[in-house]
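Overview (structure and organization)
Chain by chain, the residues run as shown.
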Amino acid sequence: MRRGCSEFLPILREWGWDWCPAGLQVFVHSLLFSEASLVLHHAEDRKGVTLAPAVAMEEFRRAYIQLCKESGAQPQETVLQQLHELQEGPGHSCLDFATQSLSVDTCRVLGKLLQDEILFTKIMLSDCMLNEEGVRYLLNGLCSNTVVKSLGLKGNNLRALGAEALGKLLRQNKSIRSLTLEWNSLGMWEEGFSLFCQGLGANRFLQWLDLRNNQINHQGAGELAMALKCNSSLQELDLRWNNIGLLGGRALLSCLHSNKTLRRLELAGNNVPSDILKAVEQAMDHNQDRQTILAENHSRTRVLSKEVFSLKEEKAKQFLDLMDTIDKQREEITRSSRTSAARVGQLQEALNERQSVMNSLKAKLQMTEAALALSEQKVQNLGELLSSTKQEQASMTECQLMELRQQKQEAAGRETKLLRDLSAANEKNLLLRNQVDELERRCKAQQDQLFQVKQDLTNTTAELKLRAVQAEERLEMEKKRFKQGLEDVESLRLKEVDHMTHHMESSERSMQERIQRLEAIRIGLEEELSRVKAAAFAERDQAEEELIKVRGQARLEEQQHLDHLEEKLRLMTQSRDEAQNYCLQQKQAVGEAKAKVSQLTLQTEGLKRRVEELQQDLSGKEQEKVAEVNKVRVELQEQIGHLQAERTAQEGLKEKIAALERQLKVLSSNHREALLDKESEISTLQEKLRMKEAEISRMREEEAQRASFLQNAIMAYVQGSALGPLSPRK
């Protein structure tokens, strides 16, 4: 059956089975039925279309059994049962092995079968607990498949080898549009996940990707962001319930500035801040709006190009019609001249006989002369009309030139406005940079204060150590002098203990006051940071509103310019119709003159010379008409050239507008990147402050522990001495 349909396999691989036209599917089904009838010998013609998929499933089952035998493995009964159910069921385009445990041998055989299979467009392998070698065999087989559109690998615990095989599949396969990888462990292995992201960046056909619950951290999110910058086909990406965090969310948000095709990005359950989620939603809305605007612009350009092409065709047809009418008039004039020459010969013979009628026809000659004078006056009037039409055309060209100059001036004014806006944005950026520098200076001052606090702590610890040494020396002296007087020793000990406690309490109070001051300074800095962020967000919103306004103005100007061009075309058609009417009037006048000349030639012989003169006049008029027609052609060609020049100027203006929009986009992207950098710096400074506070608290605890240890040691020594029972108890 595959050999019989080998001629149609390349076509099916290019289109895909689901995307083939209905007529081609019916034709392929009929071929499959004819080949199945050769095997079965008794199939009915009316059942051929419905039996073809069943026969294909049976052949797939037989091929599976044969390959298992050749490889020395036993076919799994669950696989055979599933294929049998698919053969009997209504849908034959979905290969569903969900919740079926597949061995490595079956995966190898299925990978070989799926290399050239054209029956299945959807493969479901969810919750199959596949081995990594089996996954590699299956995915290597699907690399050369051109029919499968959807692949499901949910809940298979894919790891490093699986991620590498998926990256290879995404680089080589050109038919898969949907890929489900939920409940796997792709993010645990950095090298494998990086290869998977490289394959995703090189893919140009995948549109839907599900990566829920894959243990992806912020590093994996960075790899995905790099892949999304290169990818231009993915429209929906689901990353819910992972461990992306703040850094991963920022990386994904930064990649959305260069990716314009992604419409949906799900980040719930990833510990991503709400401001980043809102920014991602805004980027998704912006991509959707951009794609809709691009589609509208493409449709409008197509409609306008079709209209321009139709107008050009109409003008060409009208010009050809004018040329045909002129050629016909020339042929008629040549025919009339020939007939008039023949008639003149006949009239010469008749006039020799009618010389006696000369005297009676003199009065008629005078009347004809008056009629000729009238015709000459008409010719002069027609010449004046031609000159007036030429002047009107010249005035129209001047008006068009003035309008073009005005448009150029308006475009220059818009460019200056945009440059001013850009300079204002640059000034705002400088102000923000100055504010950030001030914040950095304040952070440095806080760091200096912290350093001073550390020095004070070290000095206090040194003093405490010295005092502890002195106390030990005094205790030794007291041991020597113990026999001299217990009362003096007890009084001295009590005084020293009181002095130490007072000193420790004063040092603790000073340290607490310094810590409170530092906390107040930190709170003030955090408030200033929030204010700066709010100002930056407001400025970004204003810049986006200005961009929307500029785009709306550009669209309105384009529509106005198109309306103006349509009015010009309408005026040109009116002038062309007037020229045609004028040509018809001239034809009528020529016909009347010919009738008069024929009557005069029949009546009188003496009008020969006059007829010759009239013929000369007619030839001169014909030459003038030819010259006028040539002039009209030249003028039409000049008008067409002017229209083409106007069109090129409009295209140049459109290109300038596009370049300005690109510059605005670049500036906005740079501004956003600078804001993100400043936010990252602020977060690092906050983390440093937290670390310093933790160190201060740790040092306080250590000092308190040391003081308690000293006090306990002194009390233990005093109680352990001989005068322990005499010392007061607490």
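So, how was this worked out
Residues numbered from 1 in each chain as written. Predicted model: local features only at pLDDT ≥ 70, side-chain atom pairs only at ≥ 80, totals over all residues. Heavy atoms only, no water. Salt bridge = Lys/Arg side-chain N within 4 Å of Asp/Glu carboxyl O. Helix = DSSP H or I, 4+ residues; strand = E, 2+ residues; numbered from the N terminus. Buried < 20%, exposed > 50% of the residue type's maximum accessible area, 1.4 Å probe, protein only. Axes fitted to C-alpha atoms, helices over the stretch in contact; angles between N-to-C directions. Parallel < 35°, antiparallel > 145°, perpendicular 65-115°, else oblique. Contact = heavy atoms within 4.5 Å. Nonpolar A, V, L, I, M, F, W, Y, C, P; charged D, E, K, R; others polar. Core = buried A, V, L, I, M, F, W, Y, C linked by side-chain atoms within 4.5 Å. pLDDT = per-residue confidence, 0-100. Pairing = 2+ DSSP bridges. Left-handed = near helix turned anticlockwise from the far one by under 90°.

**Looking at the pattern of salt bridges**
- In the structure shown here, the tally under the stated rule is 11 salt bridges.
- When the shortest N-O distance is used, the salt bridge between Arg-62 and Glu-58 registers 3.4 Å. Of this pair, Arg-62 and Glu-58 both sit in helix H3 (residues 48-71), four residues apart, which is roughly one turn of that helix.
- Note on Arg-62: relative accessible area 53%, which makes it exposed.
- With its nearest N and O atoms 2.8 Å apart, the salt bridge here joins Glu-182 to Arg-212. Of the two residues, Glu-182 is situated in the loop between strand S4 (178-180) and helix H8 (190-202) and Arg-212 in the loop between strand S5 (208-210) and helix H9 (218-230); the sequence distance between them amounts to 30 residues.
- Each member of the salt-bridge network shares a partner with another, and the members are Glu-182, Asp-210, Arg-212, Asp-238 and Arg-240.

**Focus: the packing of helix H7 (residues 160-172) against H8**
- It is at 7 Å that the axes of H7 and H8 come closest, and there the two elements cross at 10 degrees. Classified by the angle their axes make, H7 and H8 are roughly parallel. When H7 is examined against H8, the residues Ala-160, Ala-163, Glu-164, Leu-166, Gly-167, Leu-170 and Arg-171 are found in contact with a partner set consisting of Gly-192, Phe-193, Leu-195, Phe-196, Gly-199, Leu-200 and Ala-202.
- When its residues are assigned to classes, the contact of H7 with H8 shows nine nonpolar, three polar and two charged.

**Let's talk about the nonpolar core**
- Counting 73 residues, the largest nonpolar core has Leu-181, Phe-196, Leu-209, Leu-211 and Leu-239 as its most contacted members.
- The dominant element in this core, judged by the number of residues it contributes, is H3, at six residues.
- Those residues in contact with Leu-239 that sit more than four places away from it in its chain are Leu-211, Ile-216, Leu-224, Ile-244, Leu-252, Leu-265, Glu-266, Leu-267 and Asn-270.

**Overview of the confidence of the model for the protein**
- Counting all residues, the mean pLDDT for the protein is 80, and 89% of those residues have values of 70 or more.
- The element-level mean pLDDT for the protein is lowest in helix H2 (residues 22-40), coming to 42, with S4 highest at 96.
- Counted against residues more than four places away or in other chains, residues 1-51, with its pLDDT under 50, gives 51 contacts.
- Within the model, the stretch residues 722-730 combines pLDDT values under 50 with 13 contacts to residues more than four positions away or in other chains.

**So, the sheet that holds strand S1 (residues 94-96)**
- The strand order across the open sheet formed by seven strands is S1-S2-S3-S4-S5-S6-S7, and the pairing between neighbours is parallel. Both outer strands of the open sheet, S1 and strand S7 (264-266), are each paired with one neighbouring strand and no more. Adjacent strand axes in the sheet meet at a mean angle of 5 degrees when their direction is disregarded.
- For strand S3 (residues 150-152) and S4, the ladder comprises three bridges, and the chain directions are parallel. When the bridges of S4 are listed, Leu-151 appears paired with Leu-179.

**Some points on the environment of Arg-522**
- Looking at where Arg-522 falls in the secondary structure, it is placed in helix H13 (residues 486-603).
- In this structure Arg-522 touches Gln-446, Leu-689 and Glu-693, once residues within four positions along its chain are discounted.

**Section: the packing of H8 against H9**
- Running from amino to carboxyl end, H8 crosses H9 at an angle of 15 degrees, the nearest separation of the two axes being 8 Å. The angle between H8 and H9 falls in the class roughly parallel. For the pair H8 and H9, the sense of crossing is right-handed. Across the interface between the two elements, Glu-190, Phe-193, Ser-194, Cys-197, Leu-200 and Gly-201 of H8 pack against Gln-219, Gly-220, Glu-223, Leu-224, Ala-227 and Cys-230 of H9.
- Along the lines of polarity and charge, the residues of the contact of H8 with H9 split into six nonpolar, four polar and two charged.

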